[in-house]
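# Structure at a glance
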Amino acid sequence: MIRKAQFVVSNTTPEKCPKPDRAEIAFIGRSNVGKSSLINMLTGVKELAKTSQKPGKTQLINHFMIDDRWFLVDLPGYGFAKVSKDKKVKWEKMISTYLTTRQNLCGVFVLIDSRLEPQKIDLEFLNWCGEENVPFVVVFTKADKQSKTQTDKNVKAFLDKMAEIFGDYPDYFVTSAEKGAGKEEMLTFISDLIAE
Ligand code: GDP
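A brief look at the structure comes next. This is a predicted model, so every value here is computed, not measured.

Turning next to the nonpolar core. One finds F27, V108, V110 and L111 to be the most contacted residues of the largest nonpolar core, which totals 42 residues. Considering every element that reaches this core, the biggest residue donor is strand β5 (residues 105–113), with six residues. In this structure, F27 is in contact with K35, L38, I39, V73, D74, L75, F109 and L111, ignoring residues within four places of it in sequence.

Bridge count between strand β1 (residues 5–11) and strand β3 (residues 61–66): six bridges; the pairing is antiparallel. Within the sheet, the bridge partner assigned to A5 lies in β3 and is I66. Where β3 meets strand β4 (residues 70–74), five bridges bridge the pair, whose relative direction is antiparallel. Looking at β4, one finds that F64 is bridged to L72. Where β3 folds back on β4, the antiparallel hairpin that results is connected by three residues, among which D67 adopts a positive phi of roughly 50 degrees.

Over its 19 residues, helix α4 (residues 148–166) runs 26 Å from end to end, which matches the ideal 27 Å to within 8%, given 1.5 Å per residue. Within α4 the residues assigned to the buried category are T151, N154, F158 and M162. Each buried residue of α4 sits inside an arc of 75 degrees when the element is viewed along its axis, so together they form one side. Set apart from the buried face of α4 by more than 90 degrees, the exposed residues are T149, K156, D160, A163 and E164.

Rules used in this analysis
Residues numbered from 1 in each chain as written. Predicted model: local features only at pLDDT ≥ 70, side-chain atom pairs only at ≥ 80, totals over all residues. Core = buried A, V, L, I, M, F, W, Y, C linked by C-beta atoms within 7 Å. Buried ≥ 20, exposed ≤ 12 C-beta atoms within 10 Å, placed from the backbone. Helix = DSSP H or I, 4+ residues; strand = E, 2+ residues; numbered from the N terminus. Contact = placed C-beta atoms within 7 Å. Pairing = 2+ DSSP bridges. Expected span 1.5 Å × (residues − 1). Arc of directions from axis to C-beta.

Here it is, written out as structure tokens:
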């Protein structure tokens, strides 16, 4: 269980992130995937991460301090339909620099909407993470939105695609921010990660 979650700082440049003096875990995914809801569910703080950010907003790297022990990082989402080329390039530079240089980063949760068939943009991002040795884990969101059979089917389709690309299945969680599903499993996984 998380006892304390505090906002620390928002940045547009990885160089300005807090001193890397403790373990760090980041969350990323397409806009509207349910990232803010998942972060709020995990921390038990209702409005810690702001839900449904609009595409026009500045894209920030948000640091939160958890239990005085580790940093939780809310990264700006990708895949806004109406974002300019210039903004996309800026996002890519910021995210790739952050993910490849942050020394204390021990895990990146990449969120995938469990309602959808495998999406090219997600697979491309995960492929890039693999190439760059970014330590990622896949988190399927919104599992309560459809039947368990449908969720299982979509999860399997996505994992099979990943196995095709990587030759292996990734670690993954199936979650619902609405129902709290996957919370304990993710928190246990996180506590093992930060203890390493
Ligand atoms: P973000 O843009 O990735 O931060 O996504 P949000 O957390 O703002 O969620 C986008 C929308 O999906 C909101 O309307 C949420 O209420 C909804 N949502 C997020 N997670 C879940 C979930 O687990 N179940 C259901 N039913 N809705 C969810």
